[in-house]
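Observations on the model geometry
Chain by chain, the residues:
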Amino acid sequence: SFLFLVPLSQEHLVIKFCQLMHHLLNQLKVIMDEQTLDVLLNYTASALKMCSTWTHSDVLLALSTVVYGNGPQCHQHLSDLLGEDGVLLLYSAPSQPNMELRRVALNCMANICLRIPGQPPLDDQYRGVCFRVFLTTLQSPKPPNTDELFYCMVIQAALKGLQCCLSGGKWKFNGGEELGSVLAILKRLMFQGAPGVSVEWPAVLYPAPLPQYEGLSAPKSAEPQKPSEPPKDAANKKRKSRGKGKKTSTEGSRGDDGEEDDREAVSALQKGGGREGGRGEGESLSKPSAPSLYPSWKLNSSDSEFSDMEGNAQSKLRLNHGHVRQGALHCLLAVVKSVEKRTLYGYWSSFIPDSPTGGQPPLTLLTIILKDPSPKVRACALQVLSAMLDGSRQFLAVAEDTASPRTSYTPFSFSLATAIRELHRALSLALLAETAPQTLTQVIKCLAYLVANAPYHRLRPGLLSPLWKQMRPYVRHRDVNVRVSVLTLYGALVTTQAPFPEVQLLLRQPDSGSSSAGSFTPQDSEESSPPWLLQLCVSLVTQPREDQSDSEGAGTGGGAALEPSPIRLEALQVLSHLVRGYFSLAQACLCDIGQVSARCLGETDPSIQLHGAKLLEELGTGIIQQYRAENNVPESLRVPISQVVQFWSEVLSGPLNGVLQSEQHPMLQSSACDTLSSILPQAFAQLPDKTQLMCITVLLGLTYSENYLVKTAAVRALGVYILFPCLREDVMFVADTANTILATLEDRSTNVRAKAAWSLGNLTDTLIVNIVGVDFQEELSDMLLLKMLQAATRASADKDRVKSNAVRALGNLLYFLRRSQLTRSAFQRPLEEAVRALVKTVQSEATMKVRWNACYALGKAFRNPALPLDSALWSCDAFSALCHVVTSCKNFKVRIKSAAALAVPARRSCYGDTKRFSCVWRSLATALENSEDTNDFLEYRYSASLRHTLSQALLHLLSLSQSQDMPALGQSLAGEEGKGIKEHLIRYLRAEEGGGEGAEGEKDAGGDGFNPQQRIGCLQQTLIRLKGLEAEGEGGGKEERGKEVVVSFLEDLTKTCEELSSCSAGFQKTET
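Every chain begins its residue count from 1, and numbering advances along the sequence as written. The model is predicted, so local features are restricted to residues of pLDDT at least 70 and side-chain atom pairs to those at 80 or more, both for listing and for counting; the totals for chains, interfaces and linings are taken over all residues. Where side-chain values are given, they derive from all heavy atoms of the structure, hydrogens and water being excluded.

The chain appears in an unreviewed UniProt entry as HEAT repeat-containing protein 6 from Lates calcarifer.

Laid out in structure tokens, this is it:
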């Protein structure tokens, strides 16, 4: 209604109305609907066209408030504002003499680009226009005769706009030059107004050439683990009690009243794990206890921006310089998050020093962290450094300094190792000097990211020990966020490359907080006492807090109050990391940790309960790992089975039952299911029958939960139980589990179906184990087997996550079915559909794991002697699919499994007529000839295993061949192809290469564990059998000639192998 009362001709009223508009939207947070937005945009746009220039500053201020986060909804007006002659482009141009107009125009453009979470981004066309304006503004020099303070405010607006552009959706830089320009500008502005900095800044930063570090990627099992973030409560719940500053316009988020960049900084700090608690840069820091280590800038310059004796103007300028540095770092953080990691690695040396500090140190992020007078700026620099380190394990994996560097040049690996050491040194100094709790929190978090990503096993030892000791005093810091971040860092220390020898020695140290940091020796360790860190975490979870810290806010009252929830949660996470990585040290406290978990499960806070359940799961997994045969843990070092039984008896009779029934907390229920699945099978067998029954009944019931998380965890746990020796022979349990899995395979959630397929695969593995038991096969219902076959066939057409295990189940089922079942009419069509599903999967464009499993499944099915391979119509398609992939698939593991499958049938009749047999032979021979042809180095490492499997398959075919096959075999072995085959077979027979995947393939083909003598013995038996073959029918002449070629080939092969063996034996004897 005001719009009709304030005509544009009344310019003084227009200004007052614009100020009112700004106040209502920015301060009072009035919500606009689309119609109001459109009306206000029309009014302000008209005012810019019709009113005098002196009003435009207030009009643009109102416009910036209206368009805040509404850029995509303003598309009808964007052409007028941001078009070729748009008013915003006119006022934001570097040629604009009025600094205030230029500032508000830039701020208006920034608010247009700002993206509210959940909203669509601004159109790329207009975002690109704004980006170029912001970049040009930052690149342009300060106009002559311009006040430095006003110029700083213009730069702040441009930085804010640049940050909004980069954060408002996916952004692509136009080539490396543009990215280098942006980084160069931001690096210059990171030091704006910093004391003692006067250097020539480059216009563009260029990336350093990097080696192909991608090749050193860590295996997936050692995936980088981020330092566990403190629970959000630590950052949000406890930060308001220390506020001393006034809550004025800094609370606003829309306007342009000179405080906006300060608000942005506070917001960013809150997201990073803490704010200044209302304490701005104007508050002076208390003097540190070690002034010699305190950065000189802080000693020579008070942090109080408003107590400067030189006057208010100088104070404001210093404050705005700090805002510029802060804005530049926010922009750099946006760049780090929007640019691909490997692209950014080339610029690391511009922001992180890669050589020891000597003489004049380079200006990097570490300079700001150690020297900047503003705690907010230091915290922003730490956030940028943390973002750069996050996820950098693959890049840092190249670092190495265990060997002495060459004098002629410095290898890249050594430079990277030096950078890691410099980071440790600088962050340790920052830790000593920092007094602002929120910035201290960021220092410790940054150290946690560094520890989580650095390859300490490739570096000289001694980096972690000082850090471990340096963190000890902060465990009892008065600020909750600091204490949480310390626990996060300890979690990273016990997670990195666990079990790491240096950390193992640190964990064994007695609790002597005053001992100096340094290297440790095994003689210092005390094996009997539990690790200090374990004791600390247990006490933080269970013991009352010593005193209430001043940042905790309202306490619970009473003298027995426990530690704040964020600290207890982080302590539980550290306990879980300890149990996972250093179980041998934690197992002495098995019962104590179990009691901690039980106590947590009995509390009312779902987060505490969840972490207690996860800790129990880690304990169970650690015990299972000890009992795995491949880990070779001596029985004397294992947790005794009687203690394991007692442990689980107490757990299962405690509060875990209540947690399993807590339907209002599905995540907690699913974690409890995971806990049940981590029981040691040998211990489960010794639990009371009623306890076993309770576990099984609960899991079967939870598969019918309405929540997909619970259903997924329950069906997975059943998939674990079905492999337990004490349960897998129980036909009733197998049948109940099968029916439950079949029901969950129809679930609408892909996650549920994927776990159900995995459990079905495990169940069919159990069927194979029980295949020798006639009683078991008789008691298992034929109709249930038919349902499983049909369900697995349907699942093989599902998504790859489901398909990979569905085809595994199909292979097992086709192997398990007996002749009496296969000949029944009810099984005929499902059998054909199942095989065709496997064939289709082998030929499909699915992921290689799925195709690998499908080939393996066909090989498993071929082992069933009752399967009519010689007469079924689908048999030809199955062999044809395997022959195709063994010669053409890019993935060598798929080729290996297809070759192994082709070598499985034990009778010549299974291969069909002569044409199909010769087709299989030609495919294997061609695959052997091309076994080194690949453009992918990662595949080349499997070529020896592939040749091993192919050679074994060819010899298998020769051992089954009949007289009618001789012409085709003779033709193949007579020419150049035969010479190549002979060379490969010699290497196979003499065991010169193979193993790995090849060994698995050999096992599937029925010949695993054969030494060279046994292989040559089998070859001689084949030779004897072929010599006795007699030609049949009209083609007897061809068959006889072919047989002569094959026999001659095998005789020559046998003779060559024997001669080579004799020479090798004679050479060894001579050496002796």
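Take the overall build of the chain next. Counting from the N terminus, the helices are the DSSP runs of H or I reaching at least four residues and the strands are the DSSP runs of E reaching at least two. Each helix and strand counted, the chain has 54 helices and zero strands in total. Here the term buried applies to any residue with accessible area under 20% of the maximum for its type, exposed to any over 50%, and partly exposed to those in between, with areas from a 1.4 Å probe on protein chains only. Here the chain, with 1072 residues, has 56% of them falling under the buried criterion. In the chain, once contacts between residues fewer than 6 apart in sequence are set aside, the share between residues at least 24 apart is 74%. Values of accessible area rely on a 1.4 Å probe in the Shrake-Rupley scheme; residue burial ignores everything except the protein chains shown. Counting only carbon and sulfur atoms, one obtains 52% of the accessible surface of the chain, whose full area is about 46,800 Å². Here, residues are in contact when the closest pair of their heavy atoms is within 4.5 Å.

The next thing to look at is the state of the cysteines. Disulfide: a pair of cysteine sulfur atoms within 2.5 Å of each other. Here the structure, examined in full by the defined rule, presents zero disulfides. Its sulfur unpaired, cysteine 164 is 6.8 Å from the next cysteine sulfur, which belongs to cysteine 113.

Our focus in this paragraph is the pattern of salt bridges. When a carboxyl oxygen of Asp or Glu lies within 4 Å of a side-chain nitrogen of Lys or Arg, that pair is called a salt bridge. Enumeration according to the criterion identifies 31 salt bridges in this entry. Between arginine 908 and aspartate 965 there is a salt bridge; the shortest N-O distance is 2.8 Å. Placement of the pair is arginine 908 in the loop between helix H46 (892-902) and helix H47 (914-929) and aspartate 965 in the loop between helix H49 (943-960) and helix H50 (966-974), with a sequence separation of 57 residues. Arginine 908 gets classed as buried once you look at its relative accessible area, which sits at 10%. Note on aspartate 965: relative accessible area 2%, which makes it buried. Through salt bridges with shared partners, a single network forms among Glu778, Asp782, Arg818 and Arg824.

Let us look at a nonpolar patch on the surface. Like charges are joined within 9 Å and nonpolar side chains (Val, Leu, Ile, Met, Phe, Trp, Tyr) within 5 Å, but only among residues with over 30% relative accessible area and no salt bridge; these make up the patches. A surface patch of nonpolar side chains, about 290 Å² in accessible area, is lined by Leu20, Leu24, Leu28 and Val30. Tracing the backbone through its elements, the reader meets leucine 20 in helix H2 (residues 11-27).

Below, the discussion takes up helix H8 (residues 124-139). One less than the residue count of a helix, multiplied by 1.5 Å, gives the span that helix is expected to have. Helix length check: H8, at 16 residues, gives a terminal C-alpha distance of 22 Å against a target of 22 Å (1.5 Å per residue), a fit within 8%. In this structure aspartate 123 caps H8, since a side-chain oxygen of it lies 3.0 Å from the backbone nitrogen of glutamine 125. We define a polar contact as two N or O atoms separated by no more than 3.5 Å, with the added condition that, inside protein, one atom must be a possible hydrogen donor and the other a possible acceptor, whereas residues neighbouring each other in sequence contribute only through side-chain atom pairs.

The subject of this paragraph is unusual backbone geometry. A cis amide bond links alanine 498 to the next residue, proline 499, at an omega of -5 degrees. Here proline 499 lies in the loop between helix H23 (480-495) and helix H24 (501-507). Of note, the phi angle at asparagine 145 is positive, near 60 degrees, even though the residue is not glycine. As for its placement among the helices and strands, asparagine 145 is situated in the loop between H8 and helix H9 (148-167). Not every positive phi belongs to a glycine, and glutamine 497 is a case in point at roughly 45 degrees. One can find glutamine 497 in the loop between H23 and H24. By relative accessible area, glutamine 497 is classed as partly exposed at 22%.

What follows is about the environment of isoleucine 444. Inspection of the secondary structure puts isoleucine 444 in helix H21 (residues 437-453). Note on isoleucine 444: relative accessible area 0%, which makes it buried. Each C-alpha atom, one on isoleucine 444 and one on serine 485, is 6.0 Å from the other, the two residues being 41 residues apart in sequence. Aside from chain neighbours lying at most four places away, what touches isoleucine 444 is Leu431, Met471, Val482, Ser485, Val486 and Leu489.

Attention shifts here to the packing of helix H4 (residues 56-66) against helix H7 (residues 99-113). Only C-alpha atoms enter the line fits that serve as axes; for helices the fit covers just the stretch in contact. Angles between N-to-C directions range over 0 to 180 degrees. For the pair H4 and H7, the least separation of the axes is 9 Å and the interaxial angle reads 15 degrees. If you check the angle between H4 and H7, you find them roughly parallel. The element H4 and its partner H7 pack so that their crossing is left-handed. Note on element contacts: H7 touches H4 through Glu100, Leu101, Val104, Ala105, Asn107, Cys108 and Asn111, opposite His56, Ser57, Leu60, Leu63 and Ser64. Taken together, the residues that form the contact of H4 with H7 break down as six nonpolar, five polar and one charged. For classification purposes, an angle smaller than 35 degrees is called roughly parallel, one larger than 145 roughly antiparallel, one from 65 to 115 roughly perpendicular, and anything else oblique. Two helices crossing with the near one rotated counterclockwise from the far one by less than a right angle form a left-handed crossing, whereas a clockwise rotation gives a right-handed crossing. Ten residues, namely Ala, Val, Leu, Ile, Met, Phe, Trp, Tyr, Cys and Pro, are considered nonpolar, four, namely Asp, Glu, Lys and Arg, are considered charged, and the remaining ones, Gly among them, are considered polar.

Here the focus is the side chain of serine 671. Tracing the sequence through the fold places serine 671 in helix H32 (residues 666-676). Setting aside its immediate chain neighbours within four residues, serine 671 contacts Leu610, Ala613 and Lys614.

Before going further, it helps to examine the packing of helix H44 (residues 848-862) against helix H45 (residues 874-888). Running from amino to carboxyl end, H44 crosses H45 at an angle of 135 degrees, the nearest separation of the two axes being 12 Å. In this view, H44 runs oblique relative to H45, as classed from their interaxial angle. Between H44 and H45 lies a crossing of left-handed hand. The segment H44 lies against H45, with Arg851, Cys855, Leu858 and Phe862 engaging Ala878, Phe879, Leu882 and Val885. Within the contact of H44 with H45, the residues separate by chemical class into seven nonpolar, no polar and one charged.

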